[in-house]
Every structure is written in structure tokens, then in C-alpha cells.
Amino acid sequence: RYFDVMMADPEEEVRRRAVRRLTDQALLRQAAERDPDETVRAEAVERLTDQEYLFRLLFSDPSDDVRIAASKALTDDTLCFRTAVSHPLPAVCINAMKQIGDQQLLARILTESKDRQLCRETALAVTDPAVAKELGQGMPTDHEDFPTPRVFLISAIDDQAMLTELALN
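Since the model is a prediction, treat every value here as computed from it, not as a measurement. (Residues numbered from 1 in each chain as written. Predicted model: local features only at pLDDT ≥ 70, side-chain atom pairs only at ≥ 80, totals over all residues. Heavy atoms only, no water.)

Enquirer: An account of the overall build of the protein is needed here, citing residue identities and associated values.
Expert: The number of helices and strands found in the protein is 13 helices and zero strands. Buried residues in the protein amount to 43% of all 169 residues. Summarising the internal contacts of the protein: among those between residues at least 6 apart in sequence, 50% fall at separations of at least 24. (Helix = DSSP H or I, 4+ residues; strand = E, 2+ residues; numbered from the N terminus. Buried < 20%, exposed > 50% of the residue type's maximum accessible area, 1.4 Å probe, protein only. Contact = heavy atoms within 4.5 Å.)

Laid out in C-alpha cells, this is it:
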């Protein structure tokens, strides 16, 4: 009842405050789907935990703010990977990539993505020296129009012989 009263308020700030107090996922989902104000919907989305629902919102909600909020709330590595390599909004791709803990999925983003900023950010997120070494050796040389993120991968490599090889060649 409290939720219904608060969500009927004409003031967007009152509805946002109501959403901030909610923990019930069904009520948060109602707010995410029904509120006319995108900032209220984004606030609700940030508190949602249903990963499949968040993934659907990433591609269906008309508001960039809501899609960005969904990308920050998404935590499933597989869904984050799918988002990072396929979403048209760069901020959503980067947010999704930052949620990925699986180093092999990060490596796949580096090999599959053509987005320069996403590749740079992903290379910085690679922390496994073995993955960085493998990527550094297997990545093609830089192209004039799209430099590979090899330089960012170097920060994850702790093998002195590999660093020497990279420096010399």
C-alpha cells in the first residue's frame, strides 16, 4: 500500500525515494516497467537482481539511462560478455565488461571486439599474466586505424623474459 501511494505521487523525486527504500524485487520490477520517468526506472533497475530480466532491458528499454543502469546491475559473466560484444551503446558495453571476472571471457572480448575504447578498457581489466602473455603473443600488430591493446596488456605480464622479448621485437 505504501508503495502504491508513493508511486502515485506526481513528483519524480518522491517516487525515486520510494524506490530507494524497496527491497521487494516484484515491486522494483513494477517501478522499472511502469514509471513514466526514466530516472525512477533507472533507480529501480539498479536494485534488481534478476539477470535475465536485466539482460532483456538492456536491449528493450528506450532510455539510455535505464540501459546503462541495467549494465551496472548485470553480474552474470556470460550475459555480461554477450552484452559487451553486441550492444550498440559503448557505455553499456564497457559497464558490462567491467562486471566480468572470467579472464578468458575478457580475452575473447579483445579478440572479437572492434571497438577501440572497449578493447583498451578490457586490456586494462586483464590481470592474469598467462592470459596477458597469450594475448600479447597472439594479437596481430597494430593497424593505423585501429591499434591493438597490446600496450595495456603489458601491465599484467610479470614474466621478465616475455617483457624482454616484447621490448626487443
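Enquirer: Break down helix H2 (residues 12-21) for me, with residues and values.
Expert: Listed in full, the buried residues belonging to H2 are Arg15, Arg16, Ala18 and Val19. Take H2 and look down its axis: the buried residues cluster within an arc of 160°, on one side only. Across from the buried face of H2, at angles greater than 90 degrees, the exposed residues are Arg17 and Arg21. (Arc of directions from axis to C-beta.)

Enquirer: Please set out the pattern of salt bridges residue by residue, giving values where relevant.
Expert: Taken as a whole and judged by the stated rule, the model has 13 salt bridges. Its salt-bridge partner being arginine 16, residue glutamate 12 comes within 2.9 Å of it at the nearest N-O pair. Of this pair, glutamate 12 and arginine 16 both sit in helix H2, separated by four residues, roughly a single helical turn. Looking at glutamate 12, the relative accessible area reads 24%, which means it is partly exposed. Of the charged contacts, one joins arginine 20 and glutamate 13 as a salt bridge, the two residues approaching to 3.7 Å between their closest N and O atoms. A relative accessible area of 34% means that arginine 20 is categorised as partly exposed. One network of salt bridges, in which partners are shared, links Glu12, Glu13, Arg16, Arg17, Arg20 and Glu43. (Salt bridge = Lys/Arg side-chain N within 4 Å of Asp/Glu carboxyl O.)

Enquirer: Describe in detail the nonpolar core, supporting the description with residues and values.
Expert: Counting residues in each nonpolar core, the largest one holds 50 residues, and the members touching the most others are Val45 and Ile109. In contact with valine 45, not counting residues within four places along its chain, are Ala32, Leu54, Leu57, Val66, Ala69, Ala70 and Ala73. (Core = buried A, V, L, I, M, F, W, Y, C linked by side-chain atoms within 4.5 Å.)

Enquirer: Tell me about the environment of valine 19, and name the residues and values.
Expert: Looking at the element boundaries, valine 19 is found in helix H2. With a relative accessible area of 0%, valine 19 lands in the buried category. Separated by 28 residues in sequence, valine 19 and arginine 47 place their C-alpha atoms 8.7 Å apart. Apart from the residues within four sequence positions on either side, valine 19 is in contact with Met7, Leu28, Ala31, Val40, Glu43, Ala44 and Arg47.

Enquirer: I'd like a rundown of the packing of H2 against helix H4 (residues 38-46), residues and numbers included.
Expert: Each packed pair of helices is defined by two parameters, the angle between the axes and the distance between the axes. Two numbers describe how H2 lies on H4: the axes approach to 9 Å, and their chain directions differ by 5°. Viewed along their axes, H2 and H4 adopt a mutual orientation that is roughly parallel. Between H2, through Glu12, Arg15, Arg16, Val19 and Arg20, and H4, the contact on the second element is made entirely by Thr39, Val40, Glu43 and Ala44. Residues that form the contact of H2 with H4 fall into these classes: three nonpolar, one polar and five charged. (Axes fitted to C-alpha atoms, helices over the stretch in contact; angles between N-to-C directions. Parallel < 35°, antiparallel > 145°, perpendicular 65-115°, else oblique. Nonpolar A, V, L, I, M, F, W, Y, C, P; charged D, E, K, R; others polar.)

Enquirer: Give a detailed account of the packing of aromatic side chains, specifying residues and quantitative values.
Expert: Counted by the stated rule, this structure contains one aromatic pair. For the ring pair phenylalanine 55 and phenylalanine 59, a centre distance of 5.3 Å and an interplane angle of 65° mean the geometry is edge-to-face. Placement of both phenylalanine 55 and phenylalanine 59 in helix H5 (residues 51-60) is noted, with a separation of four residues, approximately one turn of the helix. Look at phenylalanine 59 and you get partly exposed, because its relative accessible area is 40%. Across the ring face of tyrosine 53, the terminal group of arginine 29 is positioned such that the distance to the ring centre comes to 3.9 Å. (Phe/Tyr/Trp six-rings, centres within 6.5 Å; stacked < 30°, edge-to-face > 60°. Lys NZ or Arg CZ within 6 Å of the ring centre and 35° of its normal.)

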